[in-house]
Amino acid sequence: MGHLGGTVTRIGTLLLLTGWGSIAAQTAGTATGQSKQKASPAAGALTKILEDVYEYRYGAVSAWFIVTDGGVITTDHMAESGLPAFKAAIASVTDKPVRYVIYSHDHADGVTGYRIFADTAKYVSHTRAAAKIAARGNASAPVPTITFDDHMQIELGGKVLDLYYVGRNHADNMIVTLYPARRFLVAIDFVPVNGLPRLSIEDSYPDEWVTSLAWIERNLDFDVLAQGHTPARGTNENVTRTRECVRTASRGKC
Ligand SMILES: [Zn+2]
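Attention here is on the structure that accompanies the text. (Residues numbered from 1 in each chain as written. Predicted model: local features only at pLDDT ≥ 70, side-chain atom pairs only at ≥ 80, totals over all residues.)

A few words on the overall build of the protein chain. Across its full length, the protein chain carries six helices and 14 strands. Within the protein chain, buried positions represent 51% of all 254 residues. Contacts in the protein chain between residues at least 24 apart in sequence constitute 66% of all its contacts with a sequence separation of at least 6. (Helix = DSSP H or I, 4+ residues; strand = E, 2+ residues; numbered from the N terminus. Buried ≥ 20, exposed ≤ 12 C-beta atoms within 10 Å, placed from the backbone. Contact = placed C-beta atoms within 7 Å.)

Okay, here's the thing in structure tokens:
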């Protein structure tokens, strides 16, 4: 695992953008075409979206996990109330333990309750996210012990994930997780699918948000985009559309 260095910012207001719906529906259809959805052990919905990649939806939030021979890698953004069911859903797919939990950013709504995996997992985040989570002192959100500034890789069971800091956008410590072998990208909270970005939260950085999206467009190859809210999946087109929207909104024209 490498530790490099980097930098970023935050925004927030949910709007519905006419015209995004049809594109999002098409992209969701593409992803759903590969899916097999079944009832989860509790209130959520478990969907196999790629060969070894699963989505778990619970109410308005989603989280993801990847199964390897060495264990499971999972992400935020499951709600605290959904985490027991999420853990049970993982156990319904594999008896392998969760080895890594990746926090995309520090916000409490996405990390509270993740202690549920602490018996087997290590926690990963951007350096600034770990500091903010530590400062909050909420024991139900373990402080990551694996941190980085710019880029790092996680290897488990012969599978490799690339984690990148993408600059400030919806937070000042946002990272994305790319699974190159499946062309799968997890980008939580700052690339809405079939919606508008939340630009009015205090921890948002509209100008740098545009820059971070442009960086993803230039540098990351993926077909399936996963985010933390519903509808949960899109494509790289959602990155471009979000960039155009944030740029317009930050100029006061939305
Ligand atoms: Zn957030």
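Back to the text.
The nonpolar side chains of soluble globular proteins are, as a tendency, buried together. Counting 72 residues, the largest nonpolar core has Val101, Leu163, Val176 and Leu185 as the members making the most contacts within it. Of the residues forming this core, the biggest block, six residues, is contributed by strand 4 (residues 61-68). With residues near it in sequence (within four places) discarded, Val101 still touches Thr74, Tyr114, Phe117, Ala121, Tyr123 and Val124. (Core = buried A, V, L, I, M, F, W, Y, C linked by C-beta atoms within 7 Å.)

Overall, mixed pairing links the six strands, which are arranged 9-10-11-12-13-14 in an open sheet. A single partner strand is all that each edge strand has here, and the edge strands are strand 9 (151-156) and strand 14 (233-234). With six bridges joining them, strand 9 and strand 10 (residues 159-165) adopt antiparallel strand pairing. If you follow Leu156 over to strand 10, its bridge partner there is Lys159. (Pairing = 2+ DSSP bridges.)

With that out of the way, let us pick up helix 2 (residues 83-93). Among the residues of helix 2, those classed as buried are Leu83, Phe86, Ala89 and Ile90. Looking down the long axis of helix 2, one finds its buried residues gathered within 115° of arc, a one-sided arrangement. Buried residues in helix 2 make contact with strand 2 (45-50), strand 3 (53-58), strand 4, strand 5 (71-75) and strand 6 (98-102). (Arc of directions from axis to C-beta.)

Here we come to helix 5 (residues 206-219). Taking 1.5 Å per residue as the helical rise, helix 5 with its 14 residues ought to reach 20 Å, and the 20 Å between its terminal C-alpha atoms agrees with that figure. Among all positions of helix 5, only Pro206, Glu208, Trp209, Val210, Ser212, Leu213 and Ile216 are buried. Buried positions along helix 5 lie against strand 11 (175-179) and helix 6 (236-250). (Expected span 1.5 Å × (residues − 1).)

With that settled, the discussion passes to the pairing of strand 3. Taking burial as the measure, the six residues of strand 3 include six buried ones, the bulk of the element. Going residue by residue along strand 3, you find Val53, Glu55 and Arg57 tucked away on one face and Tyr54, Tyr56 and Tyr58 tucked away on the opposite face as well. Across five bridges, the pairing between strand 2 and strand 3 is antiparallel. Counted as the bridge partner of Leu46 is Tyr56 from strand 3. Taken together, strand 2 and the strand that follows it, strand 3, pair antiparallel across an intervening segment of two residues.

Non-glycine residue Arg183 carries a positive phi angle of around 50°. Relative to the helices and strands, Arg183 resides in the loop between strand 11 and strand 12 (184-186). One non-glycine residue with positive phi stands out, namely Asp189, at about 75°. Among the structural elements, Asp189 can be located in the loop between strand 12 and helix 5. Judged by C-beta crowding, with 26 C-beta atoms within 10 Å, Asp189 ranks as buried.

Turning next to the environment of Pro144. Inspection of the secondary structure puts Pro144 in the loop between helix 4 (127-136) and strand 8 (146-148). Accessibility expressed as a C-beta count within 10 Å gives 24 for Pro144, which makes it buried. Sequence separation between Pro144 and His126 is 18 residues, and the spatial gap between their C-alpha atoms is 8.7 Å. If we skip the residues at most four places from it in the chain, Pro144 touches Tyr103, Tyr123, Val124, Ser125, Ala129 and Ala130.

What follows concerns the packing of helix 5 against helix 6. Packing of helix 5 against helix 6 leaves a shortest axis separation of 9 Å and a crossing angle of 160°. The orientation of helix 5 relative to helix 6 falls into the category roughly antiparallel. Along this stretch, helix 5 crosses helix 6, giving a crossing that reads as left-handed. Only Val239, Thr240, Thr242, Arg243, Val246, Arg247, Ala249 and Ser250 of helix 6 make contact with helix 5, whose side of the interface consists of Pro206, Asp207, Trp209, Val210, Leu213, Ala214, Ile216 and Glu217. Across the contact of helix 5 with helix 6, the residue classes tally to nine nonpolar, three polar and four charged. (Axes fitted to C-alpha atoms, helices over the stretch in contact; angles between N-to-C directions. Parallel < 35°, antiparallel > 145°, perpendicular 65-115°, else oblique. Left-handed = near helix turned anticlockwise from the far one by under 90°. Nonpolar A, V, L, I, M, F, W, Y, C, P; charged D, E, K, R; others polar.)

For the rest of this paragraph, the subject is the environment of Gly71. Mapped onto the elements of the fold, Gly71 is located in strand 5. Assessed through the 17 C-beta atoms surrounding it within 10 Å, Gly71 is described here as partly exposed. Sequence separation of Gly71 and Pro97 is 26 residues, and the distance between their C-alpha atoms is 5.2 Å. Ignoring anything within four residues of it in the chain, the contact list for Gly71 reads Lys96, Pro97, Val98, Arg99, Leu156 and Gly157.

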